[in-house]
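Spelled out, the chains give:
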Amino acid sequence: GPSRPQDIKSLVINFTDSIDPTQEISFMRLYKNSPLLENHALLMVTTPQLQRIVDKYSHLSVVSAIEAQFSGVKIDIVMLSRYSNSLWEEILGFARRRSVPVVYHLDDNLLEIPADLGIDYYNAPDRRQAMLGLISGADLVLASTEPLARQLSSYEHKKIVHSPIY
């Protein structure tokens, strides 16, 4: 990435539940190693980091707290990758206030995890609501594969594309 702030040509803020292999493979390595992305920056914001921002500006609304944290920073894209937490509407509100496009990234269909896998995390009603809200509220849904893009197209959305990362 850029070594000095004045060298940044574009900035993507990626809100994510946590830094996991998906974030490392899909975004962090790409930004670190691609000559095409030299002087383009990626800022990862995990759910715990976002909560610290909200706590830091507890006198403000959540949207205003996010705005205060990033005031003076030119943001080109707000991405939410595998995001399923309760502050999704506030992140969309922040992006809309800034007139910044929103991309929702999924590398698995987290809305249809088979019950026999015993993974209840994404089946919680508030997480499902967040994912459905982001699918319909984002400007673009980025699916990691073409089959996943087809699966996600059954949900309301304007445009779903896949990336050739996998």
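Above: the structure in question.
To keep things clear, this report deals only with the structure shown in the data block. (Residues numbered from 1 in each chain as written. Predicted model: local features only at pLDDT ≥ 70, side-chain atom pairs only at ≥ 80, totals over all residues. Heavy atoms only, no water.)

This part covers the overall build of the chain. Along the chain, the regular secondary structure elements total six helices and six strands. In the chain, the succession of α and β elements from N to C terminus is β-α-β-α-α-β-α-β-α-β-α-β. Across the 166 residues of the chain, 45% fall into the buried class. Of the contacts formed within the chain by residues at least 6 apart in sequence, a portion of 66% connects residues at least 24 apart. Counting every atom, the chain has about 8,800 Å² of accessible surface; 54% of that belongs to carbon and sulfur. (Helix = DSSP H or I, 4+ residues; strand = E, 2+ residues; numbered from the N terminus. Buried < 20%, exposed > 50% of the residue type's maximum accessible area, 1.4 Å probe, protein only. Contact = heavy atoms within 4.5 Å. Areas by Shrake-Rupley, 256 points an atom, 1.4 Å probe, with all protein chains shown as cover.)

Of all the five residues making up strand β3 (residues 77-81), four are buried; the element is thus mostly covered by neighbouring parts of the structure. Note that strand β1 (residues 10-16) and β3 share five bridges and pair parallel. Its bridge partner lying in β3, T16 is registered against S81. Pairing geometry for β3 and strand β4 (residues 102-106), over four bridges, is parallel. Along β4, the bridge assignment pairs V78 with V102. Crossover connection from β3 via helix α4 (residues 88-98) to parallel β4: handedness right-handed. (Pairing = 2+ DSSP bridges. Right-handed = clockwise from strand over helix to strand, strands pointing away.)

A word on the environment of L30. Tracing the sequence through the fold places L30 in helix α1 (residues 21-33). The class for L30 is partly exposed, based on a relative accessible area of 40%. Expressed as a C-alpha distance, the spacing of L30 and L42, which sit twelve residues apart in the sequence, is 9.8 Å.

The next point concerns unusual backbone geometry. For R82, which is not a glycine, the phi torsion comes out positive at approximately 55°. Structurally, the position occupied by R82 is in the loop between β3 and α4. Residue classification places R82 among the buried residues on the basis of a relative accessible area of 12%. The phi dihedral of S99 falls on the positive side, at around 55°, and the residue is not glycine. One can find S99 in the loop between α4 and β4.

On their own, these measurements won't tell you what the molecule is for.
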